[in-house]
Amino acid sequence: MFMRTIDRVRTLIVVTAAGVMLAGSPAFAVFTPGDLYYASNQAPGNIYNLAGGGHMTGLTPFAVQGCGSLGQMAWSADLTTMYSTAYSCDTVFSISASGVASSYASVLGPTGILWTHDDRLLVVSNMDGWVYDITNPSHPAVVASGMTSPRNIIQLPTGEILVADTGSKKVWDISSGSLVPYASLPGPSYYVVDLDYTSDGRVFATHDTQVYEVTGGTAQLFAWSQAHLMGLAIDRSTDQIFAAPLGNYYVLDITAGGYVSSPGHDWAYSIPGSNNAALDFVPYPSVPVPGALLLGVVGFLGVARGRLRRRTM
């Protein structure tokens, strides 16, 4: 727990220092770790920053990508760029921290997207059942194939890359390039859509009106609702768990598990656009620091480490 605290403090220090030192320089603007983003599945594909939650009527879109999202968002390691999948126009968009959206890659029916630990950008094609490496968007490479309507994708801290496959009701481990079963979801529904994990490595999956914990491959019911729970996002600084129901305009806090409903469990509501799955937190990564910032950040870290040590002695 102490080491996780140090890592989180280090990340926030680096991001804060970078933001302060580069203030006024749009080219180096960064996303804020812990902000929650929500992409509408309705045209024109508005993306909203839901940071803070609460009543969202009249919220201005952070970005407009032109096509609705049915999938996921991911961030570059340095947090300067968001990547968002636009299923209806076969496009992956890159979006700057100032909200400017640009076409990044053409992919048939993209849904899930992931920036890996080794700095690859992977995207799931729901239409052909493949996962592509689009780090170089001009030369996509097939990473895995053979799935039936795959949706979202994550990478665990231990390295496994997992994909939720709606057609097979399975979660696949594609780390080796082959489909290795990780977990199977029970029941007749085909909605195995979104995945995420907590700071201690517990893995969760949305499955129609239910959310299962699937850590280690064993599916255990965690939360359930009358609504179709599609989008899933976990803030790994607090381990709060959020879900966005299909075609609705609110986000539920399902951290406690059990039966969840609106308005009793609303965290954000009256969002100006409905959601299908794209609900994601800006991560807390180790952020590469531009050379010009290195000395200042190192000094800042040294002071912070000293204070942390004194507090634990």
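For the structure itself, look to the data block above.
Residues numbered from 1 in each chain as written. Predicted model: local features only at pLDDT ≥ 70, side-chain atom pairs only at ≥ 80, totals over all residues. Heavy atoms only, no water.

### Concerning the nonpolar core
Link 1 in the chain: Grouped together as the largest cluster of nonpolar side chains are 16 residues, with contacts concentrated most on Y37, I47, F62, M73, W75 and M82.
Link 2 in the chain: For this core, the secondary-structure elements that each account for two or more residues are β1 (36-39), β5 (73-75), β6 (81-86) and β7 (91-96).
Link 3 in the chain: Setting aside its immediate chain neighbours within four residues, M73 contacts Y37, Y38, A39, I47, M82, Y83, S84, I113, A278, L279 and D280.
Link 4 in the chain: Counting residues in each nonpolar core, the second largest holds 15 residues, with L156, L195, Y197 and V214 among its members. (Core = buried A, V, L, I, M, F, W, Y, C linked by side-chain atoms within 4.5 Å. Buried < 20%, exposed > 50% of the residue type's maximum accessible area, 1.4 Å probe, protein only. Helix = DSSP H or I, 4+ residues; strand = E, 2+ residues; numbered from the N terminus. Contact = heavy atoms within 4.5 Å.)

### Things to note about the side chain of N126
Link 1 in the chain: Residue position: N126 is located in the loop between β10 (121-125) and β11 (130-133).
Link 2 in the chain: There is a polar contact of 2.8 Å between the side chain of N126 and the backbone oxygen of P150.
Link 3 in the chain: Residue contacts for N126: discarding those within four places in its chain leaves Y87, L108, G109, T111, S149, P150 and R151. (Polar contact = N/O pair within 3.5 Å; in protein donor to acceptor, adjacent residues only side chain to side chain.)

### Notes on the state of the cysteines
Link 1 in the chain: In this structure the tally under the stated criterion is one disulfide.
Link 2 in the chain: A disulfide bridge connects C67 with C89, and the sulfur atoms are separated by 2.3 Å. Taking the sign of the S-S torsion, about 125° here, the bridge from C67 to C89 comes out right-handed. Taken together, the residues span a long stretch of sequence, with C67 in the loop between β4 (63-64) and β5 and C89 in the loop between β6 and β7 at a distance of 22 residues.
Link 3 in the chain: Judged by relative accessible area, C89 falls into the partly exposed class, the value being 24%. (Disulfide = S-S within 2.5 Å.)

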